[in-house]
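Structural overview for review
What follows is each chain in one-letter form.
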Amino acid sequence: MIVPSLQYAARILKTADTRHLAKFMWNFGVKGVRSVNLFKKRMKEGIYFPPFIYISVLNSCNLRCQGCWVDVDKPQVKIDLENLNAIVNDAKQHGNSFFGILGGEPMMHPDLFDFFAQHPDCFFQLFTNGQMITEKKAKQLRQLGNVTPLISIEGTEVVANERRGGKDVLNRTLRGLDNCLENKILTGVATSLCQTNIDDLLTEKWLRTLIDRGVHYAWYHTYRPVGPQIHEELALTPEQARKVRQFVVDMRVKLPLGIIDAYYDGEGRALCPMATGISHHISPTGAVEPCPIIQFATENVHESDSIYDTLTKSEFMRDFREVAAKNTRGCIVLERPDLVKDLAEKHGAQDTTLRKQAMAEIESMTSRNSQWLPDGSEIPERHPVYRWAKRIWFNDFGVYDQLDAGATQPEPVKAEEEEKELAGV
Ligand code: SF4
């Protein structure tokens, strides 16, 4: 464990631009930790403002991935530079310094680099398919120094084309990846594990290929069967979800590579980042959503000049977090689509999709497994640094106490019983 960790630190120092690394350590490291501490302090006062805001800057994309929930085939909508800056400036005033930038394909946003340049005191994780990161763009990213591209690879050559609805997908993505690495930018590779890529990409061999290429970190998501074409056949079984968790824990102690996950605390207990309140999402139309795949909202950034006020005052967001935390440690969308429907109807939430199919899609979903391992088995971190860091800065912050105590959400009281109760009978 010690040797791979030291090798990893040495590799980062050798292969990342020094100024860029310093910005990462300060804007994401030091200020990121401060924003989580602020989040924890506010939670104690019943105020929820996520330290990590994910912004989908536009819907357009050059690929057509299976299971994508974004309206990539619709006319382009985007959050303009003025509103992007307004969101980040307000969030900065409340202690935030790290933002996830998504799409569609965010590299298609015409003002993306101006946006990054206007926030040198922040750090951005760019969720991209990498295909538009030319050598020139990579040089610009290095110059900016405050962006880490997280490049998604969904399979080996044939599977990549199938999964992403394109031609020569893997090679074009690898070119973008190499441009980033050659320009000494901290770069990660993400995979949405599913039936067609798990055998190739959930392997030590694949991670060693990434290390040899110079990749700095990896992130395994698990395929979410949502959106207009859900491809449920691609989703992982509970046994596979468990295999993913075990593999990640084991590779963290064995390989000189950082591996991110957003679904487990240091003890291996499952969690949902939305339910804990640590992250929420803004859609390409400016809708303020619980998370990217919950395409319902009651607020929009274009109707408010303070994302802090919008998020801390939202009854919809508060109710969503609480109902999710009372019912599952996993994904409310996969496990309890019925509750997502109920919450959207209860709050009269808008369908935030351009296709206006969000309710039909959620109604068509059947409950299925997610990251909360069915047998309740928990696989704790073996690497002490991950265990320690998660214990302080990435855990459930106590939101599941009621669920863990076995007091699940009470059955909704039937109308006539309520009348009786009200009548004191
Ligand atoms: S609701 Fe599901 S997809 Fe959304 S943050 Fe929670 S676990 Fe992830």
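Preceding this section is the structure that the text describes.
Residues numbered from 1 in each chain as written. Predicted model: local features only at pLDDT ≥ 70, side-chain atom pairs only at ≥ 80, totals over all residues. Heavy atoms only, no water.

1. Quick look at unusual backbone geometry
- In this structure, the amide linkage connecting Gly103 to the following residue, Gly104, adopts the cis form with an omega of 5°.
- Take Gly104: it is sitting in the loop between β2 (98-102) and α4 (112-117).
- The phi angle at Asp168 is positive, at roughly 50°, despite the residue not being glycine.
- Note that Asp168 resides in the loop between α6 (157-164) and α7 (169-182).
- What makes Asp168 partly exposed here is its relative accessible area of 33%. (Helix = DSSP H or I, 4+ residues; strand = E, 2+ residues; numbered from the N terminus. Buried < 20%, exposed > 50% of the residue type's maximum accessible area, 1.4 Å probe, protein only.)

2. Points about the site of the ligand
- Near the ligand, the surroundings consist of Arg224, Tyr263, Cys272, Pro273, Met274, Cys291, Ile293, Cys331 and Gln371.
- When the residues that make up the shell around the ligand are grouped by side-chain class, the tally is seven nonpolar, one polar and one charged. (Near = heavy atom within 4 Å. Nonpolar A, V, L, I, M, F, W, Y, C, P; charged D, E, K, R; others polar.)

3. Things to note about the environment of Leu58
- Examined against the element boundaries, Leu58 turns out to sit in the loop between β1 (52-56) and α3 (81-93).
- Note on Leu58: relative accessible area 0%, which makes it buried.
- C-alpha of Leu58 to C-alpha of Val244: the two residues are 186 residues apart in sequence and 31 Å apart in space.
- Discounting chain neighbours no more than four positions away, the residues touching Leu58 are Gln76, Val77, Lys78, Leu102, Gly103, Gly104, Glu105, Pro106, Met108, His109 and Pro284. (Contact = heavy atoms within 4.5 Å.)

4. Notes on the pattern of salt bridges
- In total, this model carries 32 salt bridges according to the counting rule given.
- The residue Glu204 makes a salt bridge to Arg208 at a minimum N-O spacing of 2.9 Å. Here Glu204 pairs with Arg208, and both are found in helix α9 (residues 204-213), just four residues apart, close to one helical turn.
- When the shortest N-O distance is used, the salt bridge between Asp309 and Lys313 registers 3.9 Å. Of this pair, Asp309 and Lys313 both sit in helix α12 (residues 307-313), four residues apart, roughly one helical turn.
- For Lys313, a relative accessible area of 62% gives the class exposed.
- Connected via shared salt-bridge partners are Arg245, Arg252, Asp261, Glu381 and Lys390. (Salt bridge = Lys/Arg side-chain N within 4 Å of Asp/Glu carboxyl O.)

5. A look at empty space enclosed by the protein
- Overall, the coordinates contain five cavities of 30 Å³ or more when judged by the stated rule.
- Residue lining of the largest cavity: 20 residues in total, with Thr222, Arg224, Ala241, Tyr264 and Gln371 positioned closest to the centre.
- When residues of the lining of the largest cavity are traced back to their parent elements, those giving at least two are β6 (217-222) and α10 (238-254).
- It is α10 that contributes the most residues to the lining of the largest cavity, four residues altogether.
- Taken together, the residues of the lining of the largest cavity break down into 11 nonpolar, five polar and four charged.
- Counted as a void, the second largest cavity has a volume near 130 Å³.
- Lining the second largest cavity are 17 residues; nearest its centre among them are Val70, Asp71, Ser283, Pro284 and Gln295.
- Split into classes, the residues belonging to the lining of the second largest cavity amount to six nonpolar, nine polar and two charged. (1 Å grid on protein atoms, 1.4 Å probe; cavity = no way out; pocket = protein on both sides within 12 Å on 5 of 7 lines; lining within 4 Å. Points joined across faces, edges and corners; volume = space filled by probe spheres on them.)

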